[in-house]
Amino acid sequence: MTENKKYEIDVSIRTAYLPDQSDEDADRHVFAYTITIANMGTVPAQLISRHWIIDNGDGTVQEVRGLGVVGEQPLLKPGDSFEYTSGTVIPTSVGSMKGSYQMAAEDGFHFDVTIPEFILSAPRILH
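Cut-off values and rules
Residues numbered from 1 in each chain as written. Predicted model: local features only at pLDDT ≥ 70, side-chain atom pairs only at ≥ 80, totals over all residues. Heavy atoms only, no water. Helix = DSSP H or I, 4+ residues; strand = E, 2+ residues; numbered from the N terminus. Contact = heavy atoms within 4.5 Å. Areas by Shrake-Rupley, 256 points an atom, 1.4 Å probe, with all protein chains shown as cover. Salt bridge = Lys/Arg side-chain N within 4 Å of Asp/Glu carboxyl O. Buried < 20%, exposed > 50% of the residue type's maximum accessible area, 1.4 Å probe, protein only.

The helix and strand tally for the chain stands at 1 helix and 8 strands. Starting at the N terminus and walking to the C terminus, you meet the elements of the chain as α-β-β-β-β-β-β-β-β. Of all intrachain contacts in the chain linking residues separated by at least 6 positions in sequence, the fraction that spans at least 24 positions is 66%. Within the structure as shown, the chain displays about 7400 Å² of accessible surface, and the carbon and sulfur contribution to it stands at 49%.

What follows is the structure in structure tokens.
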């Protein structure tokens, strides 16, 4: 078994635009994202912290760091997954997010998991 298979975490993302919470005239675009984190490795690992890079689509980039996700630091045993929904507000109708999770394996090894870039995009409405 290769070492990286011991610490293999899969991240999948779904996004949604929330028109009822958004206000285009006020440059307020609200997006929800649902992330599933799955431990595909052989060692239990706990999500300790997160680091987000949010591109507002207008050239402005915001970084967010914090402990856990949605107030939790889930411990994922091999084969376990954890799903959560959170959100962000940006001033443009299109943006993107990417980042990383900082994990601690049960055997003491610390590693980062890449959160792949995903697009935030309001649906186009014809007038």
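That covers the picture; the talk isn't over yet.
Further remarks concern the pattern of salt bridges. Here the structure, examined in full by the defined rule, presents 4 salt bridges. Note that Lys 5 and Glu 8 form a salt bridge whose closest N and O atoms lie 3.4 Å from each other. Judged by relative accessible area, Lys 5 falls into the partly exposed class, the value being 42%. Using a relative accessible area of 29% as the deciding quantity, one classes Glu 8 as partly exposed. As a salt-bridge pair, Arg 14 and Glu 83 come within 3.6 Å of each other at their nearest N and O atoms. Of the two residues, Arg 14 is situated in strand E1 (residues 9-17) and Glu 83 in strand E6 (residues 81-90); the sequence distance between them amounts to 69 residues.

It is worth spelling out the environment of Lys 77 at this point. You can see Lys 77 is positioned in the loop between strand E5 (75-76) and E6. In this view, Lys 77 contacts Asn 39 and Pro 44; residues no more than four positions away in its chain are not counted.

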